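Analysis of the macromolecular model
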Amino acid sequence: MRIAAFGGAYANPYALRAMLEDARARDCERILNLGDLGGFGAECDAVWPLLEEFGVESIAGNYDIAIGRGDEDCGCGYSSERDNEFAQLMYDHTRAATGAAFAGWMRGLPGELREVVDGVDLHAVHGSPLAVNDFLWESLDDDELGRRVRESGAGVLLCTHTGIPWQRVLDGTLVVNVGAVGRPANDGRRETSYAILELRDGVALAELVPVSYDWRAQAASMRTAGLPEAFVETIETGWWTTCLEVVPPRERARGRYQVYRDAVPAGFAAGGDAGWADAPAYEDRGLPVVSMFGTEAFPARLWVYSNFHCNLACGYCVVASSPRARRREISAQRFRALVDEALEEGFRELYLTGGEPFVHPQIVDMIEYASARLPTVVLTNAMLFTGRRAGELERLAGCERLVLQSSVDGARAGTHDRWRGAGSWARAMEGIRFARELGLPLRVAMTETPENRAEVSQLRELLAGLGIEGSDFAVRPLVQRGFAEGMDAGIEISEGVMAPELTVTADGVHWHPVGGDLESSPDFLVARGEVPLAEAKRAVIERFLELRLEDGTLPAAFRCAV
C-alpha cells in the first residue's frame with residue numbers, strides 16, 4: 001500500500017494539483033489530507049474541487065475547524081502578538097473568500113484518522129495527538145516527542161501544521177511531519193512538500209517528496225486579491241516573512257529572516273569612547289522581518305585569532321596570551337579560505353588578532369590577502385616592528401583598506417608597564433611612531449584600569465600629537481576573563497549581555513573575541529573544529545534566539561571596544 005499524505009494546502013490550488021498529479025503518477029493508492037485547506041493563499045474555494053476529483057480522504061486542521069464553525073480567529077496556536085496579527089490578516093481573507101457550502105463540508109470533517117493498514121497501526125493528525133494546533137517541530141527533544149508518541153501509541157504517526165517536513169523514529173514509532181503543500185518550507189526553495197508512505201507486512205517507510213508547481217500563478221493570484229506583499233515574498237523566494245516567533249531557534253536560524261524588524265534587540269550600541277565600528281543600518285526592504293546577521297544585534301564582522309602566543313603576558317589579557325600560551329595558530333592557507341568564505345557570507349570587515357599577530361611567521365602575507373578583499377583591522381602591541389618585520393611592514397603601507405590597532409594603557413610608562421611589563425610603553429610608542437612614518441592608518445585603544453582612569457585626557461593629547469585623534473582613540477572596559485578572571489576592577493560578561501561577533505580560532509568558533517580562549521572561556525565556544533562560516537552563523541543565531549527566548553528579551557547589553 002502506497003499512501004500520499006499532505007497538509008497545509010493553504011488555498012494554493014496550483015501546488016495542490018501538482019502534488020495530487022504527482023502522487024497518482026507515483027502509484028499512490030490513497031491520498032490523505034491532514035488539514036488546513038485555507039490560509040496564506042487567495043483561492044480557498046478552488047481547493048475543494050481538487051479534493052473531490054482525486055478522491056482525497058480528509059481530516060480537519062485548526063483552520064478548517066475555525067472556518068467551519070465561523071470562529072473569529074484561526075486557532076493556530078501562536079502566542080506572539082506579531083504572529084497573531086499576520087495570522088488574523090490571512091484568516092479574515094480566508095473566512096470571507098470561503099463559500100458556505102465548502103465551510104459546511106469542513107465542519108463535518110473528523111479530527112483524526114486511525115486504522116491498521118497492511119499490518120501497520122497508522123495514526124494521522126493535524127498538529128499532534130495532544131492538540132490540533134500543537135507544533136511537532138524537528139527540534140523537539142526525545143522527551144517532548146516521546147510524550148506525543150506515547151499519547152498516540154501507533155506505529156506510524158503522520159502530522160503537519162508546522163510547515164517544515166521531517167521524519168524520525170522514536171521508540172519504534174515512525175513520526176512523519178509531511179510539511180505543507182501550499183507554502184515553501186523556509187529553506188529558500190520555491191518547491192513545497194508532501195510525503196509518501198509505503199506499508200508492507202507491518203513495516204513502514206516514508207519519503208518526503210518536493211513539489212514543483214506554477215508558483216508565479218500563485219503569487220499573481222495573491223497580488224490580485226490584495227494580500228500583503230510579505231506573504232507573496234514567501235511564495236517567490238521560499239523564505240518565511242511572517243509568523244516567525246512561534247518557530248523554535250534551531251528551525252528559525254536556518255531561515256533567511258529571524259526576527260521582526262521592530263523587535264531587533266537594542267542596547268548594544270557603543271556610546272562615547274566605548275568602541276568603534278558600529279554595525280551598519282540594515283537594509284529596509286519593506287518587509288516586517290530582518291535577518292539578525294548584519295544588524296546591531298549581530299554585526300557582519302569576522303574575528304580571526306591568528307595565534308595565541310605573545311611576546312607579552314598582560315595582566316588583564318582576556319584570552320590568557322603569553323610566551324608560554326598553548327601553541328595554536330591558523331595556517332595561512334586556512335586563513336585565506338576564511339577570507340574567501342567571509343566574502344561569500346556577507347561579512348563586511350575582518351579583525352585579525354592574537355596573541356600577537358606579528359609573531360605569526362606568515363602574518364604579512366595573510367594581512368595582504370585579507371586587506372585586498374575587505375576592510376581589515378590588525379590588533380598588535382606594535383612592539384615587534386624591528387628588523388625583518390620592519391621591512392615586511394613597509395609592504396603594507398599601500399594597503400588602502402588596512403588599519404593597525406594598538407594598545408596604550410596610560411600617558412606615561414609607569415601606568416602602562418604595570419599591566420604590560422617593564423619597557424613595554426616605550427617600545428609600543430616607538431612602534432606606533434614607525435607605523436605612522438610609513439603612512440599606515442592607526443587606532444589606539446586603552447584598557448581602563450584603576451591606575452589609568454585619570455590619564456585619559458593626557459593620553460588623548462599625547463596621541464593627537466601623533467595624528468591619532470577623534471574616533472581613532474577609544475577606551476575599553478577591563479573584562480573578568482583570562483588573566484583578569486575575578487579582578488574586582490573588571491566587569492563580568494556572558495552571552496546574555498554581549499552582542500555576538502563571530503570569532504574563529506584554531507580551536508573552533510566562539511561567540512565573541514573576548515571569549516576566544518577555550519580554557520578560560522569555554523562558555524563562549526559555539527562549535528569545535530573547522531566549521532564553515534555559514535554553519536557558524538546559523539549556530540550563533542540559534543544560540544542568540546535561545547538566550548532571547550528564555551524570557552522574551554535580553555538584558556541591557558554592551559559592546560566592548562574593538
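Owing to the predicted nature of the structure, the values given are computational and were not obtained by experimental measurement.

**Comments concerning the overall build of the chain**
- Scanning the chain for helices and strands turns up 16 helices and 21 strands.
- Dimensions along the principal axes, computed over C-alpha positions, put the chain at roughly 85 × 50 × 40 Å.
- Residue burial in the chain is summarised as follows: out of 562 residues, 59% are buried.
- Residue pairs at least 24 apart in sequence account for 71% of intrachain contacts in the chain once pairs closer than 6 positions are excluded.
- Split by element, the accessible area of the chain, about 21,700 Å² in all, is 47% carbon and sulfur.
- Side chains of the chain carry 56 positive and 84 negative charges; the gap between the two charge centres is 5 Å.

**Some words on the sheet that holds strand β1 (residues 2-6)**
- A sheet is described by the order of its strands in space; here five strands give the open sequence β3-β2-β1-β9-β10, paired in mixed fashion. The sheet is open, and its two borders are formed by β3 (57-58) and β10 (203-211), each paired with just one other strand.
- Pairing geometry for strand β2 (residues 30-33) and β3, over two bridges, is parallel. Within β3, the residue paired with Leu32 across the bridge is Glu57.
- Along the sheet face, helix α1 (residues 13-25) touches β1, β2, β9 (192-200) and β10 and points at about 170 degrees away from the line of β1.

**Considering the pattern of salt bridges**
- This structure, assessed with the given rule, holds 37 salt bridges.
- Of the charged contacts, one joins Arg200 and Glu198 as a salt bridge, the two residues approaching to 3.7 Å between their closest N and O atoms.
- Note on Glu198: relative accessible area 28%, which makes it partly exposed.
- Between Arg252 and Glu245 there is a salt bridge whose closest N-O contact spans 3.6 Å. The exposure classification of Arg252 matches that of Glu245, with both residues buried.
- The network of salt bridges with shared partners includes Arg326, Arg328, Asp507, Asp517 and Glu519.

**Focus on the nonpolar core**
- Judged by nonpolar contacts, the single largest core of 86 residues is most densely connected at Leu302, Phe335, Leu350, Phe358, Ile432 and Leu502.
- Looking at which element gives the most residues to this core, the answer is helix α16 (residues 533-549), with seven residues.
- Beyond its immediate chain neighbours, meaning those up to four positions away, Phe335 contacts Val304, Ile330, Leu350, Leu352, Met366 and Ala370.

**A closer look at the side chain of Asn12**
- Mapped onto the fold, Asn12 is located in the loop between β1 and α1.
- Judged by its relative accessible area of 0%, Asn12 is buried.
- Those residues within four positions of Asn12 in sequence are excluded, and the remaining contacts are Val47, Gly182, Tyr213 and Gln218.

**Comments concerning the sheet that holds strand β8 (residues 173-177)**
- Across the sheet, which stays open at both edges, the five strands sit in the order β4-β5-β6-β8-β7 with mixed pairing between neighbours. The open sheet has two edge strands with one neighbour each: β4 (113-117) and β7 (166-170). Between one strand and the next, the sheet's axes are offset by a mean angle of 15 degrees, whatever the strand orientation.
- Pairing between strand β5 (residues 120-124) and strand β6 (residues 156-159): three bridges, direction parallel. In the sheet register, Leu122 faces β6, and the bridge partner there is Val156.

**Regarding the confidence of the model for the chain**
- Taken as a whole, the chain shows an average pLDDT of 93; of its residues, 94% reach a score of 70 or greater.
- Within the model, pLDDT remains below 50 along residues 269-275, and this stretch shows 12 contacts once partners closer than five positions in the same chain are excluded.

**Focus on the packing of aromatic side chains**
- Tallied over the entire structure, the rule returns 16 aromatic pairs.
- Considering the side-chain rings of Phe86 and Phe231, the 6.1 Å spacing of their centres and the 70 degrees angle between planes classify their relative orientation as edge-to-face. Of this pair, Phe86 sits in helix α4 (residues 81-97) while Phe231 sits in helix α8 (residues 229-237), placing them 145 residues apart in sequence. You'll find Phe86 and Phe231 in the same group, each marked buried.
- Each ring, one from Phe293 and one from Phe347, has its centre 4.9 Å from the other, and the planes form 70 degrees; the classification is edge-to-face. With Phe293 in the loop between β12 (289-290) and β13 (301-305) and Phe347 in the loop between α10 (332-344) and β14 (349-353), this pair connects stretches of sequence that are 54 residues apart. Residue Phe293 shares its accessibility class with Phe347, and that shared class is buried.

**A short note on the environment of Asp134**
- Tracing the backbone shows Asp134 in the loop between β5 and α6 (142-152).
- Distance from Asp134 to Arg326, taken between C-alpha atoms, is 50 Å for residues 192 residues apart in sequence.
- Not counting residues up to four positions away in its chain, the partners in contact with Asp134 are Gly127, Ser128, Arg148 and His161.
- Of note is the side chain of Asp134, whose polar atom sits 2.6 Å from the side chain of Ser128.
- A distance of 2.7 Å separates polar atoms of two side chains, one belonging to Asp134 and the other to Arg148.

**Description of a negative patch on the surface**
- Where like charges cluster on the molecular surface, the negative patch consists of Asp27, Glu29, Asp118 and Asp201.
- Take Asp27: it is sitting in the loop between α1 and β2.

Calculation criteria
Residues numbered from 1 in each chain as written. Predicted model: local features only at pLDDT ≥ 70, side-chain atom pairs only at ≥ 80, totals over all residues. Heavy atoms only, no water. Helix = DSSP H or I, 4+ residues; strand = E, 2+ residues; numbered from the N terminus. Buried < 20%, exposed > 50% of the residue type's maximum accessible area, 1.4 Å probe, protein only. Contact = heavy atoms within 4.5 Å. Areas by Shrake-Rupley, 256 points an atom, 1.4 Å probe, with all protein chains shown as cover. Lys, Arg positive; Asp, Glu negative; His and termini not counted. Charge placed at Lys NZ, Arg CZ, Asp CG, Glu CD. Pairing = 2+ DSSP bridges. Axes fitted to C-alpha atoms, helices over the stretch in contact; angles between N-to-C directions. Salt bridge = Lys/Arg side-chain N within 4 Å of Asp/Glu carboxyl O. Core = buried A, V, L, I, M, F, W, Y, C linked by side-chain atoms within 4.5 Å. pLDDT = per-residue confidence, 0-100. Phe/Tyr/Trp six-rings, centres within 6.5 Å; stacked < 30°, edge-to-face > 60°. Polar contact = N/O pair within 3.5 Å; in protein donor to acceptor, adjacent residues only side chain to side chain. Patch = residues over 30% accessible without salt bridge, like charges linked within 9 Å, V, L, I, M, F, W, Y side chains within 5 Å.

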